[in-house]
Amino acid sequence: MNRVTKLVIINIFMVAMIVNCGLNKPDLHQKLAVQYTGDAKLEVGGPYVGVEFHHSCMIPQRISFFYPVANSIDHSRDYWKRDTSFVAEWTFKIGNNPAVSIGRDASEFDLTPYSVIFNRAENGYSLMSSYQFCKDKPAMVLNIQITNTSDKTEEYEFDSRWWTSIRTCHTFRPIEQAWTDRDSTTIYTHFDDPDADFADVFVTNAGDLPTFVNSRIDYLNTPKRKDVSKEIAKAKPVSQFIYQKQLKPGEAMNIVQIIGSSKGNESRSLVSYLKNSYQTEISNYEKYVIDKAYSHSIMETGCPKTDHSVAYAKAVMAVNAHFLEDEIVPMPCPAEYNFYFTHDVLVTDLAAVNFDLERVKRDLDYIIRHADEENIIPHAYYWKDGKYVTEYASSDNWNNFWLVQVSAKYLHHSGDREFAEKLYPYISKSVERSLLTLEDDNLMWSFRPDWWDIGHNYGPRSYMTILAIKTLRDYIFLSTALEKNLDRVQEYMSLANEMQTALVEKLWNEDMNYLVNYHNDGSLDEHYYIGSLLAAHYGLLDDSKQNLLVQTATHKMVDEKVGIYNAFPMDFEKWGDFMKFVGNEAGAKYYYFNGGIWPQGNAWYAMALIANGEKEAAAKFINNTMSLHGIMEGPNGQPAYYEVRNANKDDLSEYGTVDKPQFLWAGAWYINCLYQLYGVVENDWNIALDPFLEKDQKECEFTLYVDGKPLLVSIEGKGKAIKEICYDDNVVSTAVFPESMTDIREVDIELGKPKQPYLASTDAVLKSCEFKKRQLAIHLSASVGHSNNTVVISPSVPKRVSLDGKEITDWKINDHKDYKEIQISVLHLKRECDLVLEF
């Protein structure tokens, strides 16, 4: 069968195959699901269990349990060859025919982030299997349906064997001996090992009942008539069930296995509950995810593929959360990476702050609750060797920067000063520690290249310097807004400016037309890295250098079919000793760090295009390389918001293949880029709108939180300027949101020739803006000594511009076809000031 990737509505037959969950809106489940035929990696899961599949096989390569701790069933011996082992064996026979192995061949499937349905037709029968997950109980539900498609009645037999030895979290130590007991429908496997937290693994039946049950591998060849019900010692476990049923043409075996993990004293009561309530558990979980995807917030662009990609990304963000020490917290994948990573949470929240403030507040609260007594935040948190372990962020850890940036965004969008006050000591500590690697050249030095977490060669880094400059300016905003550490504000303001000067003077390479890095010995690192692109996004370069940076990346690093290389050239296999890489951890050429495609790289390139005024190019790039459909339609495409993608265009069997196909921040970066594409602009002081519609796009609307309120922003019309802005049908004169909003619900924007002057942007907190009696009066607030650039768009030129009553004469005008762009630069001599334009 030819490889195809396409979105379809799941037909009624396929929906009937799933356990009937009673979803209130089954049409939304169908709307979210994608159908795929071909070779794919899959991960799906819920809060307590996740599964990983390779090559579109029905039997998983891994089952991850997160309760009571993160144990897993995984029999691979080599991470890079983990697609060769399975956690179960299924055999099947019809009548007197020989038994055949099933479930290990590629099958077409229907996928959502929270479920997968496999279908395969064979000679004389069809096989369907579906995996679904419980919301509040630690289990998943496997439904297997085998249908007689022949024209005669036959005896059908299905033998299911789960290899239930487990591996511990982090150290991945195998535990291959266990006690087992069972009844006629359930096998309980008990692991009396503190590293596994004495967990039980259970497999029970809630559909057709088995005719034979066995729990020990050494009894697999025992005749079925022998009594093997009594266990006298630990042994290597298996959960084997044999099902037999005579089927007429069109009839089916309907097997429902509930697989989970629990504390030993809970397993029997839990199994009893699940047998009666698993459908409710599934329904509640799927409804929760669908609400997050479609109802909790909206982004509707008029393009079905984009709208579906957004919903799917939001579903991934909802699903990728697991149990960890009595809480459900965001995790990178459904089945891999059984650790809490602060970085993954924070970069996800850069997107979520636009439409899910509750999530962001919860995440920030979790991070500071797990800081140490000196307010040093965690880098990672996980179960290891019988206890919970925290790795704290070192001084050159990017989490110090991301915490400050997300906290500033949270305050921009929420106005929640009370919680920001709670965050402030941790923010201050992160700034203080991050500057420990600021050297005398006013550049940030690091042991690792760019954003990587591998390598050990201390030198000046563009990426870390860029992040530090932005972080200092966000800290200035937070300190000013909260009126804290005001004595340090001037110091940090000067430092950020000095670092920006040093970034350009010392790390801009005229030959490469790019921001570069240097090694410890003073030699130039001649690689182009994606982290440098953030300088364009944060506005740290003049127009000429910004354009050169973006064009260099375009010509050196971009493959328009898959995205931007993580680094170029891809020769890190030659740099192992010099950079002190461990083995081949940088990856093969075109893969992983060594020129692979990462979602944040694609995002940073798209953001750089947007900053450079190339929104049409950014839209095309985002649609082709970051949307779910763009990924599916690309080389070796499959439905996947992935961690990393292979860029090896010289080998078509590898080109475009993905690893970790349901990755938390991949979907979030995609949504983040769309918010910026359609016009949400955040500087160090405020949120503004610079709306955009693609060439053939008629309208766009999305949820945007401002001052703690979920606004519905609607954009229509054509043009680069705004014709009219309305807050709940009331015309306003600002595209910058004021610090405090009244009870506004909707913001309507019509693009076109401006009807009146309006504030387009300003580097300050906007207190108020009003156009009245031919005057645009703008009330601003910022730190004393802050340099503020303000832009006003108007159909005409102002007659007079004044600051606090004093006329300003050195403002500039850029003349456009339908409007005037008025640029005003002022120095804040006091916290609050009044800028007035008279027309």
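All values derive from a computational prediction rather than experimental measurement. Residue numbering note: each chain is counted from 1, following its sequence as written. Where totals are concerned, whole chains, interfaces and linings use all residues; where local detail is concerned, this predicted model gives features only for residues with pLDDT of at least 70, and gives and counts side-chain atom pairs only at 80 or more. For the side-chain quantities, the full set of heavy atoms in the structure was used; hydrogens and water were omitted.

Q: Please provide a residue-by-residue account of the overall build of the protein, values included.
A: Strands here mean DSSP runs of E at least two residues long; helices mean DSSP runs of H or I at least four residues long; both are numbered from the N terminus. Helices and strands together make up the secondary structure of the protein, namely 17 helices and 55 strands. This radius of gyration counts C-alpha atoms alone. The globule rule is 2.2 Å times how many residues there are, raised to the power 0.38. The C-alpha radius of gyration computed for the protein amounts to 29 Å, which stays within 12% of the reference 28 Å derived for 839 residues, consistent with globular compactness. Considered along the principal axes of its C-alpha atoms, the protein spans approximately 100 × 55 × 50 Å. Remark: exposure states derive from per-residue accessible area (1.4 Å probe, protein chains only) relative to the maximum for the residue type, with buried under 20%, exposed over 50%, and partly exposed in between. Evaluated residue by residue, the protein yields a buried proportion of 63% over its 839 residues. Any pair of residues with heavy atoms lying within 4.5 Å of one another is described as a contacting pair. Taking the intrachain contacts of the protein between residues at least 6 apart in sequence as the baseline, contacts between residues at least 24 apart amount to 68%.

Q: Residues and numbers for the sheet that holds strand 50 (residues 787-794), please.
A: Across a sheet, strands are paired by hydrogen bonds formed along the backbone, either parallel or antiparallel in direction. Strand pairing is assigned whenever DSSP identifies at least 2 bridges connecting the two strands. Spatial strand order, 47-50-54-53: 4 strands in an open sheet with antiparallel pairing. The open sheet has two edge strands with one neighbour each: strand 47 (758-762) and strand 53 (812-815). Mean inter-strand twist for the sheet, computed between neighbouring axes without regard to direction, equals 25 degrees. As paired strands, strand 47 and strand 50 are joined by 4 bridges and run antiparallel to one another. Paired with L759 across the strands is V792, a residue of strand 50. Angular values range over 0 to 180 degrees, each being the angle between N-to-C directions of two axes fitted as lines to C-alpha atoms, with helices fitted over their stretch in contact.

Q: Summarise the pairing of strand 44 (residues 722-727); cite the residues concerned and give the values.
A: Direction of pairing for strand 44 relative to strand 46 (residues 746-751): antiparallel, over a ladder of 5 bridges. Bridging across to strand 46, C726 finds its partner in D748. Of the pairings in the sheet, the one linking strand 44 to strand 45 (residues 730-732) comprises 3 bridges and is antiparallel in character. Residue pairing across strands places Y727 opposite N730, the latter belonging to strand 45.

Q: How would you sum up empty space enclosed by the protein? Please name residues and give values.
A: Only protein atoms enter the calculation, which uses a 1 Å grid: trapped sets of points that fit a 1.4 Å probe without letting it out are cavities, open sets showing protein on both sides within 12 Å along at least five of seven lines are pockets, and any residue with an atom within 4 Å of a point is a lining residue. Grid points are joined across faces, edges and corners, and a volume is the space filled by probe spheres set on the points. Across all of its chains, the model carries 5 cavities of 30 Å³ or more by this definition. Taken as a whole, the largest cavity holds about 180 Å³ of empty space. Along the walls of the largest cavity sit 16 residues, with L411, H412, W685, P738 and E739 positioned nearest its centre. Those elements giving two or more residues to the lining of the largest cavity turn out to be helix 7 (399-414), helix 9 (462-482) and strand 48 (765-772). When the residues that make up the lining of the largest cavity are grouped by side-chain class, the tally is 10 nonpolar, 3 polar and 3 charged. Charged residues are taken to be Asp, Glu, Lys and Arg, nonpolar residues to be Ala, Val, Leu, Ile, Met, Phe, Trp, Tyr, Cys and Pro, and polar residues to be all remaining types, Gly included.

Q: How would you sum up helix 10 (residues 486-507)? Please name residues and give values.
A: One less than the number of residues in a helix, times 1.5 Å, gives the span that helix is expected to have. Compared with the 32 Å implied by 1.5 Å per residue over 22 residues, the 31 Å span of helix 10 between its first and last C-alpha is a close match. Taken residue by residue, helix 10 has V489, Y492, M493, L495, A496, M499, Q500, A502, L503 and L507 as its buried positions. On its buried face, helix 10 is in contact with helix 8 (417-434), strand 29 (459-460), helix 9, strand 30 (508-509), strand 31 (514-515) and strand 32 (517-518).

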